[in-house]
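Residue strings, one per chain:
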Amino acid sequence: MAEPESLYEQLRGRFGERLAEVRLERGEVTAEVRPAELTAVMAQLRDEQPWRFEQLVDIAGVDYAAYGGDEWITERATSSGFSRGVTEPGFGRLGLTGIYGVQPVSESTGRRFAAVYHLLSLSHNHRLRVRCFAEDDDMPVLPSVTGIWPAADWAEREAFDLYGIVFEGHPDLRRLLTDYGFVGHPFRKDFPLIGNVEPRYDPEKGRVVYGPVEIEPRVLVPRVIRDDNRYRAPGTPEEDQADG
Amino acid sequence: MAEFQSYTLNFGPQHPAAHGVLRLVLEMEGETVRRADPHVGLLHRATEKLAESKPYNQSIGYMDRLDYVSMMCNEHGYVLAIERLLGIEPPLRAQYIRVMMDEVTRILNHLLWLGGHGLDVGAMTAFLYTFREREDLMDVYEAVSGTRMHATYYRPGGVNRDLPERMPQYEPSPYRSDKELREMNRAREGSVLDFLEDFCERFPACVDEYETLLTENRIWKQRLVDVCPISAERAIALGFTGPMLRGSGVEWDLRKMQPYEVYDRLDFDIPVGTNGDSYDRYLVRVEEMRQSARIIRQCIDWLRENPGPVRLDDPKVTPPTREQMKDDMESLIHHFKLFTEGYCTPPGEVYAAVEAPKGEFAAYIISDGANKPYRLKVRPPCYYHLAGTDEMIRGYMLADVVTLIGSLDLVFGEVDR
C-alpha cells in the first residue's frame with residue numbers, strides 16, 4: 001500500500017489553498033473541500049496521474065449538531081451528588097427537537113451537515129477521505145458527483161434520505177431506504193431514536209393507520225466523554241475544562 | 001389484439017428468487033427488460049443510528065445481523081475500526097483465529113450463495129449438497145462462539161475466548177444405530193482444529209462434486225454464460241468490489257492489496273475472471289472456496305503450534321477473567337466500569353475495510369471522545385452491486401433477472417441496514 005505521507009504532501013503541494021484543510025491522522029488522509037470547488041477538485045482527483053481515484057467507495061452523511069455533547073459531568077464533583085439516571089431529553093436520546101425533545105438546534109453554523117466521500121485508487125493503491133460541509137444548515141445543498149462516479153447515485157440518495165442533504169445535479173434524487181411517504185430525515189440528530197409515528201391496525205377503518213409512538217425512550221448507558229490521559233500525545237499540556 | 005409498447009412488472013418483494021425483500025420495478029417490452037428500478041429499504045432497521053445510542057461493544061451483535069450469512073466478517077470490519085481508533089493491536093493468536101474464522105465465513109457464504117443461485121436457475125441438487133457442508137461449518141461456529149449464526153465472537157483487542165478443546169458430538173438416539181453414531185462422530189473426537197482439518201481434507205472433493213453438477217452442465221451454462229456482463233472500467237466506476245470486480249478481470253483483493261491481520265503471512269491465490277459475465281463470477285467464487293480451505297489449513301498449523309493469549313491484556317478495553325474479578329478489587333472495578341459505561345475512544349475518525357465474501361465491507365467511525373460512536377457508517381458491498389443492476393440488466397430477458405440477482409449475491413440485511 002502506498003505511503004499516506006507522500007499522498008498528504010503531494011495533495012498540499014498540488015491543491016494548496018483550494019483544499020480548506022488536509023490532515024494526516026492514524027495513517028489516513030482527510031481533505032476538506034468547499035462546496036463550490038467540490039466537483040472540480042473531485043474530477044481532478046479522479047483523472048490526474050498522481051491521484052487516479054477511480055473508485056468512489058462510499059459517501060457518509062454526517063450531522064455534527066450534537067458533536068461533543070455528553071450527559072454526565074465527568075470532570076468535577078457536585079455538591080448535590082450524582083444521579084445515575086438520565087431523565088432529561090438530551091444527546092443520549094438522540095432527539096433534540098422531536099416530540100420528546102426540547103433542545104432546538106437553532107444557531108446556523110454552516111458546519112452542521114457534511115458529506116464524507118471515501119475514494120480509492122486501484123492503480124496507486126491509496127485511499128483518501130474528502131469532507132464537504134454544506135453552507136446552509138436549514139437547507140443543506142451540495143453539488144452532486146454522479147457525473148464523476150456513477151456509484152454516487154445511490155450513495156447520494158441515501159444521504160438525502162437520511163440527512164436531508166440535497167445534491168444538486170443528481171438525476172433522480174428520491175428516498176431510498178425509508179418507507180414510502182415517510183416524513184423527516186431519520187439520521188439527523190434532532191430526529192428521535194424511537195421515531196415519531198408507528199403503524200397500528202385500526203379495526204374500525206379496517207386498515208393500518210399511523211399514530212404517534214407510544215413507547216417511552218430510555219437511556220440505559222449515558223453518553224460520557226472522559227478526557228483520558230492515555231490518549232493525550234506526550235508533551236501536550238492538559239487543557240482547561242470548564243465543565244464536562 | 002391490444003397494442004402496447006411497454007408495461008411495468010413488479011418483481012418481489014415476496015418473490016422467492018428476490019433473495020429476501022427486494023422489490024424490483026421492471027419496465028418490460030415483451031420479455032425484454034428496458035429499465036429496472038430496485039426499491040430497497042424494506043428491511044431498514046437504522047443499525048447505524050442504533051449504534052450511536054450504545055457503547056461500542058454493544059453494537060458488535062448488530063454487525064452479525066447486517067450481512068447475516070457472513071457474520072464474522074462484518075464483526076471484523078467494525079472491531080478493526082475500533083481497534084485503530086484506540087490504537088491497539090490484538091495478540092497474534094487472536095489474529096490467526098480471526099483470519100481462520102473469516103475464511104470459514106467465506107466458505108459459509110459462498111455455499112449458501114451457490115445453493116441458492118443453483119435453486120433460482122433450476123439446479124436443485126447443488127442446494128442439497130452445499131447445505132450438507134454448511135452444516136459442518138455451522139457446528140464450528142457453534143463450538144467457538146456458542147451460536148450457529150450471530151456469533152458476536154470478535155472483540156476489540158482479540159476474540160471472546162480461545163478455541164475449545166472439544167468438538168460437540170452427536171448424542172445416542174433411538175433413531176440411529178451405534179454404527180451410524182460412530183460414523184457421525186468420527187471427525188468430532190478431537191478439538192475444533194482437528195474437526196476443521198478433517199473438513200479441509202474432504203472439502204476440495206465436495207467442491208469437485210458441486211462442479212460436476214454445474215460447471216459443464218449445459219443448462220447451467222445456457223443460463224449463465226454471457227448473461228449480464230460488466231466491463232472492468234464500469235465495474236470500478238460503479239463501486240463494485242469483491243467477486244463482482246474480480247469476475248471482470250480486475251485483480252483486486254484487500255487481503256492481498258491492503259493486508260490486515262496476518263493475511264500477508266499466508267499463501268493463497270486470487271482468482272479472476274475474463275468476461276465479467278455471471279458464469280465468470282460463478283467460477284471466481286467456486287475457486288475462492290478452494291483458496292479459503294487452503295488458508296484455513298495454514299492457520300490450523302500455526303494455531304496448533306502457538307498457544308497463547310487471545311485477548312489483549314488491557315483492562316481498559318477487555319474485561320478481566322472471572323477468577324481475577326473475584327480475587328482482585330482493581331479487576332472488579334475494571335469489570336464494573338467496562339460493562340456499565342464501556343470505554344471512551346479518542347476523538348477522531350477511522351475507516352477500516354475488510355474483504356468480506358461479497359466485497360469490501362467497511363466501518364467508518366467518527367468519535368467525539370465519548371463511549372459511544374458519534375457516527376457509524378457501514379459500507380455494504382451489496383448496496384453498490386444492487387445499484388448497478390439497472391445498467392447490467394437492460395436489454396436482457398426476464399429470466400436473466402433471476403440469474404443476475406443470484407449472481408450479485410445479495411443479502412438485504414446489509415443493503416438496507
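Reading guide: rules and limits
Residues numbered from 1 in each chain as written. Chains lettered and ligands numbered in written order. Predicted model: local features only at pLDDT ≥ 70, side-chain atom pairs only at ≥ 80, totals over all residues. Heavy atoms only, no water. Helix = DSSP H or I, 4+ residues; strand = E, 2+ residues; numbered from the N terminus. Buried < 20%, exposed > 50% of the residue type's maximum accessible area, 1.4 Å probe, protein only. Areas by Shrake-Rupley, 256 points an atom, 1.4 Å probe, with all protein chains shown as cover. Pairing = 2+ DSSP bridges. Axes fitted to C-alpha atoms, helices over the stretch in contact; angles between N-to-C directions. Contact = heavy atoms within 4.5 Å. Phe/Tyr/Trp six-rings, centres within 6.5 Å; stacked < 30°, edge-to-face > 60°. Buried area = accessible area lost by both parts, 1.4 Å probe. Salt bridge = Lys/Arg side-chain N within 4 Å of Asp/Glu carboxyl O. Polar contact = N/O pair within 3.5 Å; in protein donor to acceptor, adjacent residues only side chain to side chain. Nonpolar A, V, L, I, M, F, W, Y, C, P; charged D, E, K, R; others polar. Core = buried A, V, L, I, M, F, W, Y, C linked by side-chain atoms within 4.5 Å. Domains from an automatic or database assignment.

Caption draft 1: Broad picture of the overall build of chain B. When helices and strands are tallied, chain B shows 18 helices and eight strands. Across its three principal axes, chain B shows a C-alpha extent of roughly 85 × 60 × 40 Å. Put simply, chain B has 417 residues, and 61% of those count as buried. For chain B, the accessible surface area stands at approximately 15700 Å², while carbon and sulfur atoms represent 51% of it.

Caption draft 2: Quick look at the sheet that holds strand 8 (residues 375-379) of chain B. All names here are of chain B. The antiparallel open sheet is built from three strands, whose spatial order is 6-7-8. Of all the strands in the sheet, just strand 6 (348-356) and strand 8 have a single pairing partner and so form its edges. For this sheet, the mean angle separating the axes of adjacent strands, direction not counted, is 10°. In this sheet, strand 7 (residues 359-367) lies alongside strand 6 in antiparallel orientation, the contact comprising nine bridges. Note that in strand 7 the partner of tyrosine 351 across the bridge is tyrosine 364.

Caption draft 3: Representation of the environment of serine 59 of chain B in the model. All names here are of chain B. Relative to the assigned elements, serine 59 resides in the loop between helix 1 (47-52) and helix 2 (60-64). The buried category is assigned to serine 59, whose relative accessible area is 0%. Placed twelve residues apart in sequence, serine 59 and threonine 47 show a C-alpha to C-alpha distance of 8.6 Å. When near neighbours in sequence (up to four residues on either side) are disregarded, serine 59 contacts Ala51, Lys54 and Tyr78.

Caption draft 4: Quick peek at the packing of aromatic side chains. Residue and element names in this part refer to chain B. In the structure shown here, the tally under the stated rule is 17 aromatic pairs over all chains. Centre to centre, the rings of tyrosine 279 and tyrosine 282 are 5.8 Å apart; their planes meet at 35°, and the pair counts as tilted. Residue tyrosine 279 and its partner tyrosine 282 are both found in helix 12 (residues 278-305); the two are separated by three residues, about one turn of the helix. Given a relative accessible area of 10%, tyrosine 279 falls into the buried group.

Caption draft 5: Region of the structure containing helix 17 (residues 398-408) of chain B. Within helix 17 of chain B, nine of the eleven residues are buried, which leaves it mostly tucked inside the rest of the structure. By the burial criterion, the buried members of helix 17 of chain B are Asp400, Val401, Val402, Thr403, Leu404, Ile405, Gly406, Ser407 and Leu408 of chain B.

Caption draft 6: Representation of the pairing of strand 3 (residues 32-39) of chain B within the structure. Residue and element names in this part refer to chain B. In terms of residue burial, strand 3 counts as a mostly covered element, since six of its eight residues are buried. The pairing of strand 2 (residues 23-29) with strand 3 spans seven bridges and is classified as antiparallel. Of the residues in strand 3, the one forming a bridge with valine 25 is aspartate 37. Hairpin connection of strand 2 to strand 3: two residues between the antiparallel strands, including glycine 30 at a positive phi of 65°.

Caption draft 7: Seen up close, the interface of chain B and chain A. Each side of the interface is counted separately: chain B has 68 residues, and chain A has 62 residues. Taking both partners together, chain B and chain A bury about 5300 Å²; carbon and sulfur atoms supply 53% of that area. Among the residues chain B hides against chain A, the three largest losses belong to Lys49, Glu349 and Tyr374 of chain B. Together they make up 15% of the total. Arginine 174 of chain A is the partner of aspartate 37 of chain B in a salt bridge, and the nearest nitrogen-oxygen pair spans 3.1 Å. Our count for the chain B to chain A interface comes out at 34 residue pairs in polar contact (both at pLDDT 80 or more). The biggest single contributor to the side of chain B that touches chain A is strand 6 of chain B, with five residues. Counted by class, the side of chain B that touches chain A contains 34 nonpolar, 14 polar and 20 charged residues.

Caption draft 8: Region of the structure containing the nonpolar core. Core analysis: the largest hydrophobic core is formed by 180 residues, its most contacted members being Leu45 and Tyr117 of chain A. If you tally residues by element for this core, the top one is helix 4 (residues 92-121) of chain B, at twelve residues.

Caption draft 9: Highlighting the domain arrangement of chain A. Residue and element names in this part refer to chain A. Looking at the assigned domains, one finds that chain A contains domain 1 (1-65 + 109-177) and domain 2 (68-104 + 178-244). With 13 residues of domain 1 at the contact, the number on the domain 2 side is eleven residues. Carbon and sulfur atoms make up 48% of the surface buried where domain 1 meets domain 2, a total of about 1000 Å² over both sides. A per-residue breakdown of the area domain 1 buries against domain 2 is headed by Leu162, Tyr163 and Arg175, which together make up 48% of the total. Applying the counting criterion to the domain 1 and domain 2 interface returns one salt bridge. Here arginine 112 and aspartate 190 are joined by a salt bridge, their closest N and O atoms 3.4 Å apart. Counting the contacts that link domain 1 with domain 2 gives eleven residue pairs in polar contact (both at pLDDT 80 or more).

Caption draft 10: Region of interest: the pairing of strand 5 (residues 126-133) of chain A. Residue and element names in this part refer to chain A. Of all eight residues in strand 5, eight are buried; the element is thus mostly enclosed. The side-chain alternation of strand 5 yields two buried faces, one formed by His126, Leu128, Val130 and Cys132 and the other by Arg127, Arg129, Arg131 and Phe133. In terms of strand pairing, strand 2 (residues 28-33) meets strand 5 through four bridges, oriented parallel. Paired with valine 33 across the two strands is cysteine 132, which belongs to strand 5. Note that strand 4 (residues 113-121) and strand 5 share eight bridges and pair antiparallel. Looking at strand 5, one finds that serine 121 is bridged to histidine 126.

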